Amino acid sequence: MLPHIGLGTVNVQGGIGVKQLENALNLGYRVIDTSTNYNNEGMVGEAIRRSSVPREDIYVSAKLPGSSHEYDKAINLIQESLYRTGLDYFDKYLVHWPNPKQGKYVEAWQALVDAQKYGLIKTIGVSNFMPEHLDDIIEATGVTPATNQIEIQPYFNNNALIQECLKRGVLPEAWSPLGREINDVLTNDTIKEIAQKYNRSTAQIIINWINQKQVFPVVKASQYIHQTDNFNYLDFELSEDDIQTIDALDKGEDGRVEGQNPYEYEEFV
Ligand SMILES: NC(=O)c1ccc[n+]([C@@H]2O[C@H](COP(=O)([O-])OP(=O)(O)OC[C@H]3O[C@@H](n4cnc5c(N)ncnc54)[C@H](OP(=O)(O)O)[C@@H]3O)[C@@H](O)[C@H]2O)c1
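Residues numbered from 1 in each chain as written. Predicted model: local features only at pLDDT ≥ 70, side-chain atom pairs only at ≥ 80, totals over all residues. Heavy atoms only, no water.

## So, the packing of aromatic side chains
Overall, the coordinates contain six aromatic pairs when judged by the stated rule. Relative to Trp175, the ring of Trp97 lies with its centre 6.3 Å away and its plane at 65 degrees, an arrangement referred to as edge-to-face. Residue Trp97 is found in the loop between β4 (90–95) and α4 (105–117), and its partner Trp175 is found in strand β7 (residues 171–175); the two are separated by 78 residues along the sequence. Neither residue differs from the other here; Trp97 and Trp175 are each classed as buried. One aromatic cluster is present, built from ring pairs that chain together Trp97, Trp175 and Tyr265. Here Arg55 stacks its cationic end above the ring of Tyr89, 4.1 Å away from the centre of that ring. Lys251 extends its terminal NZ or CZ atom over the ring of Tyr155, reaching a point 3.9 Å from the ring centre. (Phe/Tyr/Trp six-rings, centres within 6.5 Å; stacked < 30°, edge-to-face > 60°. Helix = DSSP H or I, 4+ residues; strand = E, 2+ residues; numbered from the N terminus. Buried < 20%, exposed > 50% of the residue type's maximum accessible area, 1.4 Å probe, protein only. Lys NZ or Arg CZ within 6 Å of the ring centre and 35° of its normal.)

As structure tokens, then:
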């Protein structure tokens, strides 16, 4: 059973990053989301070693880049990522993007299935997979991913894909839930009004909205004040009306933070 929030780590790096991650672990965060392309696997390992929290209580989730979808490359990359962190295993490992035009995501998934058997990874999942991609890998290997990490924020609520995940027994995770300082969901007037009503921050309203959809939120916060705010969002519930009001802020494809539609967008790092 996952805790109620995961810590995103985009741009959390180096010595400052180690301190920020240590702060988060001391606050009670236990799920850390990293990736080869965040260039911070070393920082993650260092923070875990310096922290007083036992390794077995921490849940490290990492990701396979598109440049390593070929089977042998994937197996090597997972090991290289472990060496960079200095960890013996990842708690979870995801195929970062399907890159469907390359046609290699099934091969990548097979590598994760086998890496799990070798003991390199405890749990395997995917990210940015659309329903067809999920069906392809399940049909080819008989193994259903534990999670699918996808974009979910008030301007792109991704409700249909959430339902497709839940229908298949895949736990959806939300990335960029606060809009990554690219959009203005944190200062949106409608969300601010709801926040005033509950006497909460807009961030807590958004994270709660995600959690009430049976989605696991992965939120990046490097500042202690933000880490504290986000960690303490669970002790209230949004009404169904307020959930629907936030759902209505959806802008369809135009609402994506960076227009990254997984059918088209490709990422290799
Ligand atoms: N699978 C994928 O393809 C994918 C794609 C994108 C992201 N991700 C993962 O998802 C994580 C989260 O997404 P994200 O980093 O793009 O953006 P995000 O979590 O939506 O937003 C992070 C920004 O919000 C600020 N913030 C956090 N809590 C706040 C609060 N309570 N009040 C005001 N501001 C607050 C942070 O500030 P400070 O840092 O200054 O505290 C930071 O600038 C990433 O870090 C990464 O781990 C995955």
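On we go from here.
## Some remarks on the site of the ligand
Asp33, Ser176, Arg180, Ser222 and His226 are the nearest of the 29 residues found near the ligand. His96 places a polar side-chain atom, nitrogen or oxygen, 3.2 Å from an oxygen atom of the ligand. For the ligand, whose accessible area on its own is 910 Å², the fraction buried by protein is 91%. In this structure the site holding the ligand corresponds to the largest pocket. The set of elements that each furnish at least two residues to the shell around the ligand consists of β8 (216–220) and α9 (224–231). (Near = heavy atom within 4 Å. Polar contact = N/O pair within 3.5 Å; in protein donor to acceptor, adjacent residues only side chain to side chain. Areas by Shrake-Rupley, 256 points an atom, 1.4 Å probe, with all protein chains shown as cover. 1 Å grid on protein atoms, 1.4 Å probe; cavity = no way out; pocket = protein on both sides within 12 Å on 5 of 7 lines; lining within 4 Å. Sits in = over half its atoms within 2 Å of the grid points.)

## Quick word on the sheet that holds strand β5 (residues 121–127)
Taken in spatial order, the eight strands of this closed barrel run β1-β2-β3-β4-β5-β6-β7-β8, and their pairing is parallel. On average, each strand axis in the sheet is tilted by 30 degrees relative to the strand beside it, whichever way the strands run. Pairing geometry for β5 and strand β6 (residues 147–151), over two bridges, is parallel. For Val126, the partnering residue across the bridge sits in β6 and is Asn148. Those strands touched by helix α3 (residues 71–85) are β3 (59–64), β4 and β5, and its axis lies near 135 degrees from that of β4. (Pairing = 2+ DSSP bridges. Axes fitted to C-alpha atoms, helices over the stretch in contact; angles between N-to-C directions. Contact = heavy atoms within 4.5 Å.)

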